[in-house]
Amino acid sequence: MNYIIPQSELKVVGTRPVRPDGVDKVTGRATFGADMTLAGMIWGKMLRSPHAHARIVAIDTSRALALPGVRAVVTAADFPDIASEEAFVGEGPMNFRDLSRNCLARDKVLYEGHAVAAVAAASQSVAEAALDLIDVTYEVLPHVIDVEAAMAAGAPILHEDMFTVGIEPKPTKPSNIAKRVAFAKGDAEAGFREADVIVEGRYTTQPVHQAYIEPHACLAQVAADGQAHIYSSTQGQFMVRAYCAKVLGWEIADIRSYPMEIGGGFGGKTLVYLEPVALALARKAGRPVKMVMTREEVFRASGPTSGAVIEVKIGARRDGSIVAAREVLKYQAGAFAGSPIGPGCMCGFAMYDLPNVDVVGYDVVSNRPKVAAYRAPGAPITSFAVESAMDDLARKLKIDPLALREMNGARDGSKTHYGVTHRDIGFLATLEAARSHPHYSAPLKPGQGRGVACGFWFNIGGESSGAVHVNEDGSISVVSGNPDIGGSRASMAMMAAEVLGVPIEHVRPIVGDTASIGFSHLTGGSRVTFATGMAVTQAAERVVDQLKQRAAQIWEIPAEAVEWKDGKAYPAGLNAGAFEPLSLAQIALKAGRTGGPISSEVTLNAQGAGPGFGCHICDVEVDSETGHVKILRYTAVQDVGKAIHPSYVEGQIQGGAAQGIGWALNEEYIYDKDGKMENAGFLDYRVPVASDLPLIEAVMVEVPNPRHPFGVRGVGEVPIVPPMAAVANAIRAATGLRMPDLPISPPKLRAALDAASGAKAA
Amino acid sequence: MSLSISLSVNGVAREVALDDPRVTLLDLLRERLDLTGTKKGCDRGQCGACTVLLDGRRINACLALAASCDGAAVLTIEGLAQGDTLHPVQAAFIAHDGLQCGFCTPGQIMSAVGLLREAQTGDDPERVREAMSGNLCRCGAYAGITEAILDAQRQLAAPDHAEAA
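Residues numbered from 1 in each chain as written. Chains lettered and ligands numbered in written order. Predicted model: local features only at pLDDT ≥ 70, side-chain atom pairs only at ≥ 80, totals over all residues. Heavy atoms only, no water.

Brief notes about the overall build of chain A
- Within chain A one finds 20 helices and 28 strands.
- With the C-alpha coordinates of chain A rotated into their principal frame, the extents come out at 95 × 75 × 50 Å.
- Within chain A, the proportion of its 762 residues that are buried is 64%.
- For chain A, the exposed surface amounts to about 26600 Å²; the carbon and sulfur share of it is 52%.
- Taken together, the 72 basic and 82 acidic charged side chains of chain A have centroids lying 1 Å from each other. (Helix = DSSP H or I, 4+ residues; strand = E, 2+ residues; numbered from the N terminus. Buried < 20%, exposed > 50% of the residue type's maximum accessible area, 1.4 Å probe, protein only. Areas by Shrake-Rupley, 256 points an atom, 1.4 Å probe, with all protein chains shown as cover. Lys, Arg positive; Asp, Glu negative; His and termini not counted. Charge placed at Lys NZ, Arg CZ, Asp CG, Glu CD.)

Here's what the structure looks like:
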C-alpha cells in the first residue's frame, strides 16, 4: 500500500511523539557496549605498534603468560591466515584478509597503533602490566604518511603484492596506489574549448575522525562446545557475526551477536576491531572477556575518513551554463586499500546536469590507520572542492551562487557522469527553499560574509528484516535487525502504528539480536528508515490482514467482508452483517482460539532508495587578529522525502552540519616526522563544543520518494556534505581569501590574512 | 595494601575497600558499585561524559581519585530521579531532544544540574553554551541541550519546584 498522502490524513507519521529511547538515556539505564558484565568476566587489552611501519621479526609472549592473573594471550598466529577475498558489504568493499590483518598484524605493522597482540587477565591493571611483558622484535622500515608522497616513485611500499588496479597494461611493479577509477561523459576537452570562463583549484582535506564519544567496546563469551555470544557497540550485529566468523574461521551459526545501545557511530562502527580478538581470548581463557578501547586507541587505531588532494576545473559560458567539468581525486585509504574514492568520484558533480565530465580518482595506501566509513563517505571531500569552485565560478560570472546552481542543477531525467539517471529528485525544490529563506536575504554587517554550498548523497536500500508481533494484551512489539543510531526505533514504531491504526504508546520498538530477527545489512548508507521501514510497514500490513481474518472468523463472515479502520475491525457495509466493531486488543485476546499468535516478519531487499540533496547557508565573522572564525548563523535546507519523526530528522540535519563545521575549521590528524600521531585526544583534536556553534536551523523540504510506502529518503548523511564549502565560501566573502586547505584553523587563516595584507602593503 | 573509604553515593552510605589507591572515582562507580550510568569517553577529563556532582559541585569523575572522595557525597545520574518522577532537567532533555545517541547524556545532565545550582548564567543561552562547553556531544544536539537547560531552569524557579532547586 501507499501512504504518500497529505499530512492531515496521517495520525502518527509526521507527528512528534515522545522518543521511545528517552527515559533510558536520561536515567543512565541504557546499556552501552562497555556497560555489560557477565559472571566470571575478565579483561582484554591490546598491544599496539609504536612504529609507523616495521617488520615483525618475533613475538615472545612467555613472560606475559607467566604473570599471575594472565589467562590468555593471542597473536595473528592464533587466527587463520585467510586469502584476499573481497565482498561488498554495507557501504563499501571489504577485503577479509585486510580486515583480519587490521585486527591483528601479521608479518608487518603498517601504522602506529596497529594491533600486534592481546592479553586477557583477571583485572585491567594486570592486563596492562602483561602488555609490557610481551617482547616484540621489530625491524623498523621507512614510512610514508602524505598521500602524494605515497604515490611518488621510490616511496616506501606498504604491500609488496599491491599492483594498481584499473591501469592498462597491468603494472609490473608494486605501488601504494591500490586502484585508479575513472568516469567520463561527453568530451571534456571539447567542452572546455567552448567555455568563456574557467575556474581551477587545488584543494586538500585532512583525515577527520568520527569521534563518537563512546569508544569501541565488546564482551565475548565462548562455551566449551564453541557456541559464542558477542555483545558490542556496533552499527550491525549481523556484520559483527559475519566478520568474526570469517576472521576466526568459525561457522556463522555458532555466533550470536547482540547489539548494545550505541554511543555514536557515524559510519565508524561498520567494521570490527576488537570483537574477533575478544572471542579468541574468551575461547582460550574459558572466561568471558571484555575489551574497551581507550580514547587514544580510538584515534590511533580505528578509522578516520580519508584526507585527500583534489584538483577541480569547471568551464562555463558567459550566461552561466556549465560546459565542462574535470576532477582528479587522490584519497588516502590508510594502511589497507579501500578509501571511499568511488563515491568521491561520483558525488561532486552528481548535483549538476553537465554535458561533459571527466573524473579520475586514486585509492592510495599510506602508514595511517585504515579509514572507515564516515557519514556520506567520500562525498564531503569532493564537495568541498567542487562547491568551492562553483562559488569562484559564480563570482567570476557575477551570478548569484544559488542561481548558478539552479541553472545547472540536476532534475528528473538528468544523466549523471557515472551513468545513473536521476528520477523524482528534489534538488531544485531544495535550492528554491534556500533562496526564499529569510536567512539568504538577511543583511550582513561589515566584516561578515555569507557562503552557500550544496551536497548530495545516494542513500541506499538493501537487505532488511522487520517483525510486528501482536502481544496477548493487544500491545505491539516491533523488532528490527538494525541498531538505532539516528532514531530508527521511533520511526519503525511510528510506521507500524500508522498502518495498524493504534496509538504510538502501545507500540514498543526493539532492536533484535541475530537470533531474534532475520538478517539485516548494517545501519549505514541512510538505509534503515527506508529499507527496514519498508519491511516493518509490510509486516504491519500482513498483521492487519490477519486481524481481519480473525475478526471474520469470530463473526463467521468472509474475510473480504471485514474492514480495518483506526485499530478496529468493522463489517464492510450492510451486507456483511451487523456486528459491534472489534478492537485489536479484543482480537488479540482470542488469538489462541482463532488460529494462534498474530505476527508477521518480512524480509526483503529494498530497491529504489531516493537520493538526498541539501543546501546550506552560513554566515561568518573573522577575527583578523587571531584568525578565528565565528559562525554567526547557519541554515541547512534538505529534501528529506518524508519526515517520519520530524524532530529526529532535524536532529540529524543539525548533527551533520555540526560535524561538518568541525571538519571545516578545526579537526585534523597531525603526525610527527616518525609517523606518529601527535593529537590523539580531545584536547588537541578539537571537535565542536556548545559555544562554537550557533543555533543550526534545519529546514525540511518534502519531495516524496515514490518507491517507499511513506515517501522516505535517507537523511543522516547529506547534511555533512555541504558545510566545509559553505564555511569556506563564507570566509571567502568575508575576507576575500579562497582557503583551499582544510582545516581553516586560526593559525592558517591568520597567516593567509597576514600574507594578503603584506602583499597589499607592498 | 588496602585502603578503606566511606562515602555517600546517591544518598546511600557506602564503605569500599580499595585494593589499589590509583582507582578513579569513575572506575569506582562503574566497576565496583555497578553504577554504569556514568560514562567513560576519554578518561582524561576532556569529554565530560563522566560528570557527577561531588558535594554538589560538578566534576569529571575520571580525574578524581576515589581515595580523595572519603567522606564526600556523590550524586550520579542514577540518583537524580525521585522514584518514577524524572528530575526537571531529565524531563527537559527528553522534551527538547537534548540527546541523540545518549552516551554523553548522563554527563550533560549532571553538568546541567550542577550549572543550575551555580546559578551563574541567568537566561542567557550564550552563557549556558559557554558553561556547558566541557561536555562534548558529537551528535550535535547542543541546540536541544541549551533549550532543555533553560526550560528546566524556568521550571525549577516555579514555586512548586522551589525546594528541589
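Focus on the pattern of salt bridges
- Inspection of every chain in the model, using the stated rule, returns 53 salt bridges over all chains.
- Arg30 of chain B is the partner of Asp35 of chain A in a salt bridge, and the nearest nitrogen-oxygen pair spans 2.7 Å. One end of the pair, Asp35 of chain A, is in the loop between α1 (22–27) and β1 (42–48); the other, Arg30 of chain B, is in helix α1 (residues 25–32), on a second chain. Of the two residues examined, Asp35 of chain A and Arg30 of chain B, each falls in the buried class.
- For the salt bridge of Lys330 of chain A with Glu311 of chain A, the shortest nitrogen-to-oxygen distance reads 3.6 Å. (Salt bridge = Lys/Arg side-chain N within 4 Å of Asp/Glu carboxyl O.)

What to know about the packing of aromatic side chains
All names here are of chain A.
- For the structure on display, the rule yields 19 aromatic pairs over all chains.
- Taking 4.7 Å as the distance between ring centres and 15° as the angle between the ring planes, the aromatic pair formed by Tyr3 and Phe710 counts as stacked. Of this pair, Tyr3 sits in the segment before α1 while Phe710 sits in the loop between β28 (696–701) and α19 (723–735), and the two are 707 residues apart along the sequence.
- Assessed through its relative accessible area of 2%, Phe710 is described here as buried.
- Seen in terms of ring centroids, Tyr669 and Tyr685 are 6.1 Å apart; in terms of plane orientation they differ by 80°. Their pairing is edge-to-face. Taken together, the positions of Tyr669 in the loop between α18 (646–665) and β28 and Tyr685 in the loop between α18 and β28 put the pair 16 residues apart, joining distant regions of the chain.
- Judged by its relative accessible area of 0%, Tyr685 falls in the buried class.
- An aromatic cluster is present here, built from Tyr352, Tyr418, Phe427, Phe456, Trp457, Phe458 and Phe613 joined pairwise through their rings. (Phe/Tyr/Trp six-rings, centres within 6.5 Å; stacked < 30°, edge-to-face > 60°.)

Section: the sheet that holds strand β2 (residues 12–18) of chain B
Residue and element names in this part refer to chain B.
- What the five strands build is an open sheet, ordered β2-β1-β5-β3-β4; its pairing is mixed. Edge positions in the open sheet fall to β2 and β4 (57–60), since each of these has one partner strand only. Ignoring which end each strand starts from, the neighbouring axes of this sheet average 40° apart.
- As defined by bridge partners, strand β1 (residues 3–9) adjoins strand β5 (residues 73–75) across two bridges and the pair is classed as parallel. The partner of Val9 across the bridge, within β5, is Val74.
- Contacts from α1 reach β1, β2, β3 (51–54), β4 and β5, with the element oriented near 100° to β2.
- Packing against the sheet, helix α3 (residues 105–118) makes contact with β3, β4 and β5, and its axis sits at approximately 40° to β3. (Pairing = 2+ DSSP bridges. Axes fitted to C-alpha atoms, helices over the stretch in contact; angles between N-to-C directions. Contact = heavy atoms within 4.5 Å.)

A look at the interface of chain B and chain A
- Residue-level contacts link 38 residues of chain B with 51 residues of chain A.
- Taken over both partners, the interface formed by chain B and chain A buries close to 3500 Å², and the fraction arising from carbon and sulfur atoms is 58%.
- At the junction of chain B with chain A, the criterion picks out five salt bridges.
- Between Arg19 of chain A and Asp97 of chain B there is a salt bridge; the shortest N-O distance is 3.2 Å.
- Put simply, chain B and chain A have 21 residue pairs in polar contact (both at pLDDT 80 or more) between them.
- A class-by-class count of the residues in the side of chain B that touches chain A yields 16 nonpolar, ten polar and twelve charged. (Buried area = accessible area lost by both parts, 1.4 Å probe. Polar contact = N/O pair within 3.5 Å; in protein donor to acceptor, adjacent residues only side chain to side chain. Nonpolar A, V, L, I, M, F, W, Y, C, P; charged D, E, K, R; others polar.)

Description of the sheet that holds strand β16 (residues 322–334) of chain A
Residue and element names in this part refer to chain A.
- An order of β9-β17-β16-β15-β10 is seen for the five strands of this open sheet, with the pairing classed as mixed. Strands at the two margins of the open sheet, each flanked by one partner only, are β9 (177–185) and β10 (197–205). Along the sheet, successive strands turn relative to each other by an average axial angle of 10°, direction set aside.
- Inspection of the sheet shows β10 paired to strand β15 (residues 308–316) by nine bridges, in the antiparallel sense. By the bridge assignment for β15, Tyr203 is matched with Ile310.

A look at the domain arrangement of chain B
All names here are of chain B.
- Taken domain by domain, chain B consists of domain 1 (3–78) and domain 2 (88–157).
- Put simply, the middle of domain 1 and the middle of domain 2, counted by C-alpha atoms, are 22 Å apart.
- At the junction of the two partners, domain 1 supplies 16 residues and domain 2 supplies 17 residues.
- Counting each side, the surface lost to burial between domain 1 and domain 2 is near 1300 Å², with a carbon and sulfur contribution of 59%.
- Here domain 1 and domain 2 share one salt bridge between them.
- A salt bridge links Glu118 to Arg58, with the shortest nitrogen-to-oxygen separation between them at 2.8 Å.
- One can count six residue pairs in polar contact (both at pLDDT 80 or more) joining domain 1 with domain 2.
- With three residues, β3 is the single largest residue contributor to the side of domain 1 that touches domain 2. (Domains from an automatic or database assignment.)

Things to note about unusual backbone geometry
- With an omega dihedral of -10°, the bond running from Glu168 of chain A to Pro169 of chain A counts as a cis peptide bond.
- Within the secondary structure layout, Pro169 of chain A lies in the loop between α5 (147–151) and β9.
- That bond from Leu742 of chain A to Pro743 of chain A is cis: its omega, -10°, falls within 30 degrees of zero.
- For Pro743 of chain A, the position within the fold is in the loop between α19 and α20 (746–761).
- At Ala119 of chain B, a position not held by glycine, the phi torsion is positive, near 50°.
- Positionally, Ala119 of chain B belongs in the loop between α3 and α4 (125–131).

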